[in-house]
Structure formats: structure tokens, C-alpha cells
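Each chain is listed here by its residues.
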Amino acid sequence: MNPAVTAPSAPLAPGERPEGGQGGDGSDGRSLLLFFQAPVYRDRDGALHVEAQAANGLRLWSTHFSPLVALAPEGRGPIPTGWVRWAAPGDVTLQVLPDAWRPDRLARHILPQSRRIGALIDGADYLVFSIGGPLGDWGAVAAWLAHLRRRGFAVWTDRVESDVMRRSAATGSLRHRLKARVNAPIMAAMERYVISRADLGLFHGAETYHAYAPRARQAVLAHNIHLSADERITNAELGARRARLRNRPLRIGYAGRVHWSKGWQDWLEVLSRLSARRVEVDATWLGDGPDLERMRDLAAARCGAASPALPGFEGDRARIRAALQGFDILLFCHKTRESPRILIEALMNGTPIVGYRDAYSADLISKAGGGRLVAPDDIDGLADELARLSADRHALDALTVRAAEDGARFDDASVFAHRSDMVKRHVRPRGAPGLRR
């Protein structure tokens, strides 16, 4: 197969239209069937709870497609922090699919749920499916059903899931490692199957784009962000944060899950090396995760006076925004091929990013240079960069201005308008001739 691959597309500026697109100024009466991966939970009263950013995404999709039917898997266990009670925006219907990640559950649910999904496919003008797992991934099932019906569809993903699983095979218990070794090639085969049959691949971040674009008929770099234009740093806020850069310890931060894939051990080691050099820092990691208690245990032992604050989960967007503007640097040490939104959010708040170089991070600062990047796993290189910026506050000030410039092109309405326009331009709608593939 010789796929037609577009160059990576930057998000649109507010009001800008891609040539030939719908412009993002209304739904124009076209319906959408959307599958997203974030699980939906029920409370004791049966009310649905949706991850907050997924809820915002549904709101934004609904400004371009109406009606919108959204499908998501049902979560098990307590409702996680960061999930909100579902309130449908506009003409949006949310339907929950049963958890089918175990083979026995998949066998029990596959036939009735395939009939259900198939009927929804038949009734929708456009189809967009998120993928992110091996057997039991309803997004992949929906893509397979659409392919059997010769329906066009778009596939969306924000990380190279098979690579994440492959790398996880080196961590955790023996059972976890064996499971990862089995699942990684299954995931890779599923990704190849679905992406090669989609009309359009929407890939968040350059790292994901470069991994998947060669297999796609049409590939678009579609950034994912859930901050509005009003939440970008203002000139007054930028001036205030620049004035605070002098004569105090370097403020280093991160916000995200405390998980091996985020490189939290490398992050602590950077702080340890700064402490050994007597570089004064004030560090904070915002976020919960499976490794939080272990990180707390190791932080004091490794980092000494540079030991970071580890307050756990923070769900208040205003507080997160204030924290990002309070950091002089967002330090990241990501270990897998993914596209964490926190890097974009940092730039939108005028916070330079310093971390391991990959296609995603390099693309984000390619316009103005609002960060410093080193080779993956180069802990000494990160410590060197931070020590230099701590000693040279004029350089840090200039980097802050450039970070705000790099962040100025992002906001949630623009990136969802871009994504919706790409779907309307490249995905064959209901009634269009089907391709033999």
C-alpha cells in the first residue's frame, strides 16, 4: 500500500479555515458516531461520570456535528478523581459499552454489542474511533465493523500504545511482564489493521504521527488540548512572571501521573544532581498515580534539600494554571512514545519546557524555541541545562518569552475545529461509494 500522507498540520489560528474545509462555524447538520477510550463510571444512583477533559471534548465535537452519539467503555470500581457528573451538551447522546478487556467478557459481549454498534454506524454520517488496546478494544471492533460495511472512518490516537506496552514488559511483576510481552504484538497488529483501513488517521503529536503516518491513507497531525484561548497567558501575566525570575531559587515543576512512563525516577535524579551542585531549586510534582508513595519515599533520600513537594492530584483548573505560571521550568523525562498535553499547557502559560527530545517535544518548540531538549535518558544533560538557566536569569527570561510565543497557537476550540474539518474533508460520509479494500 502506498498511503497518501499529508505533512503535519499545525492547529488553526482562531477563525482560520483550512482550504476546502467547513470552517468550524457550525455542525451543518452532519451526524457523528464517536468512540473514546476514557471509561465512564456509574454512581450509586446510576448517574454517569465522565473524565473532565473527555466531557470538554464532546462539547467541542458537538459544535461541528449534530447529532453526536458517543460510545465509551464502562469503568469498574470507584469513580476516579477528575471525573465529573455527565450533563449532555446540546444534541449529544452518551452510550456505555460493557468492559470487555478480559477474553471471557469479550466472548460474552461481542455479538450483541457488535449488532448495537453496527446499527449506530449505519445511522451516522461520519465515524471517528479512538484505539488504545488489544483484545476487547471497542474502538478497534467498531473500525472492523465499519470496514465490513465499506464505510469510511477516521481513527484517533495520542500515543503509540504497542510501544508503551512493549516497554512496560520490562517493569512490574512477572505476571505483568508476561502479559505485556503477549499483548504488545497483538496491539501492534491491531494498530496496523485499523490504521491501514481508515480514511483518515488523526494522530496527536509528532511522535505519534511519525510512528503511524506511513501506514495511513491520509494522516494529519492533530494536537489535543483542553485549554481555551482565554486560558492562555496574558501580556500582563507574562510581565508579572518575568519580574519574579530574579533572586530566588529556580522553580521546577511537572503535572501528570506518577507512573514509570513519565520518568519520575529520572526527574528525581535530576534534582539530586542539582542539589549536589548546590543549585537552589524549589520543585513540585502535581499528580497522583500508582508510584506516588514510592516517589515520596525516595524523594527525601535522593534529593536532600532539593526534595520536591508531592501534593498528589489537583483537579482545579485554575490552580493548575496558577501552578504552571508559577513554575520557571516544566521538567519532563517521558519514557514512551506519547504526546502528553502538559507540554502544550505549559507553553500556553509561558512556561519553558526542558526535557528529553523526541519528535513531539521538538515540534512544539520549533517555531520560537521555547525550551531546551537533550537526548533521551541524558540525566546529566538535563541537570546541565537547568544549572545554566538558574545561573543566567537573562537567558531564562528570554526562554520564557519564547515559550509564550510557542504556546500562542494553541487552544481547544481551534484544535477541535481543525480536527472536525479534517474529518469532513477526508472521511467518506454515509451514502458515499465504498472502497474495496
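Calculation notes
Residues numbered from 1 in each chain as written. Predicted model: local features only at pLDDT ≥ 70, side-chain atom pairs only at ≥ 80, totals over all residues. Heavy atoms only, no water. Pairing = 2+ DSSP bridges. Helix = DSSP H or I, 4+ residues; strand = E, 2+ residues; numbered from the N terminus. Contact = heavy atoms within 4.5 Å. Axes fitted to C-alpha atoms, helices over the stretch in contact; angles between N-to-C directions. Salt bridge = Lys/Arg side-chain N within 4 Å of Asp/Glu carboxyl O. Buried < 20%, exposed > 50% of the residue type's maximum accessible area, 1.4 Å probe, protein only. Parallel < 35°, antiparallel > 145°, perpendicular 65-115°, else oblique. Left-handed = near helix turned anticlockwise from the far one by under 90°. Nonpolar A, V, L, I, M, F, W, Y, C, P; charged D, E, K, R; others polar.

K.L.:
I would appreciate a short explanation of the sheet that holds strand β2 (residues 41–42) in the present structure.
P.N.:
Each strand in a sheet pairs with another by means of backbone hydrogen bonds, the pair being arranged parallel or else antiparallel. Read across the sheet, three strands follow the order β2-β3-β5 without closing on themselves; strand pairing throughout is antiparallel. Each edge of the open sheet is held by one strand with a lone partner, namely β2 and β5 (83–85). Taken together, the two bridges between β2 and strand β3 (residues 48–51) define a ladder with antiparallel strand orientation. If you follow Tyr-41 over to β3, its bridge partner there is His-49. Relative to β3, helix α1 (residues 52–61) is tilted by about 90 degrees, and along the sheet it contacts β3 and β5.

K.L.:
Whenever I open this one, the environment of Gly-136 confuses me. Can you help?
P.N.:
Inspection of the secondary structure assignment puts Gly-136 in the loop between β7 (126–130) and α3 (138–148). Residues Gly-136 and Ala-70, spaced 66 residues apart in sequence, show a C-alpha to C-alpha distance of 18 Å. Sequence-distant contacts of Gly-136, that is, excluding residues within four places in its chain, are made with Ala-100, Trp-101 and Leu-106.

K.L.:
Explain the pattern of salt bridges to me, please; I cannot follow it from the model alone.
P.N.:
Two side chains of opposite charge can pair, provided their charged atoms sit close to one another. By the definition in use, this model includes 25 salt bridges. Taking the shortest distance from any N to any O, the salt bridge between Asp-328 and Arg-248 comes out at 2.8 Å. Of this pair, Asp-328 sits in the loop between α10 (317–326) and β14 (329–332) while Arg-248 sits in the loop between α7 (235–243) and β11 (250–255), and the two are 80 residues apart along the sequence. Taken as a pair, Asp-328 and Arg-248 share a single burial class, namely buried. For the salt bridge of Arg-372 with Glu-385, the shortest nitrogen-to-oxygen distance reads 3.0 Å. Highlighted residues: Arg-372 in strand β16 (residues 371–374) and Glu-385 in helix α13 (residues 379–391), separated in sequence by 13 residues. Among the residues examined, Arg-372 registers a relative accessible area of 24% and is labelled partly exposed. Judged by its relative accessible area of 13%, Glu-385 falls in the buried class. Three or more residues joined by partner-sharing salt bridges are found here, namely Arg-76, Asp-99 and Arg-105.

K.L.:
Please explain the packing of α1 against helix α15 (residues 412–426) as it appears in this structure.
P.N.:
When two helices pack together, their arrangement is captured by the angle between the axes and the distance separating the axes. The interhelical angle for the contact between α1 and α15, taken along N-to-C directions, is 55 degrees, at an axis separation of 10 Å. The angle between α1 and α15 places the two elements in the oblique class. As α1 packs across α15, the resulting crossing turns out to be right-handed. On the side of α1, the interface is formed by Asn-56, Gly-57, Arg-59, Leu-60 and Trp-61, while α15 contributes Asp-412, Ala-413, Phe-416, Arg-419, Ser-420 and Val-423. Taken together, the residues of the contact of α1 with α15 break down into five nonpolar, three polar and three charged.

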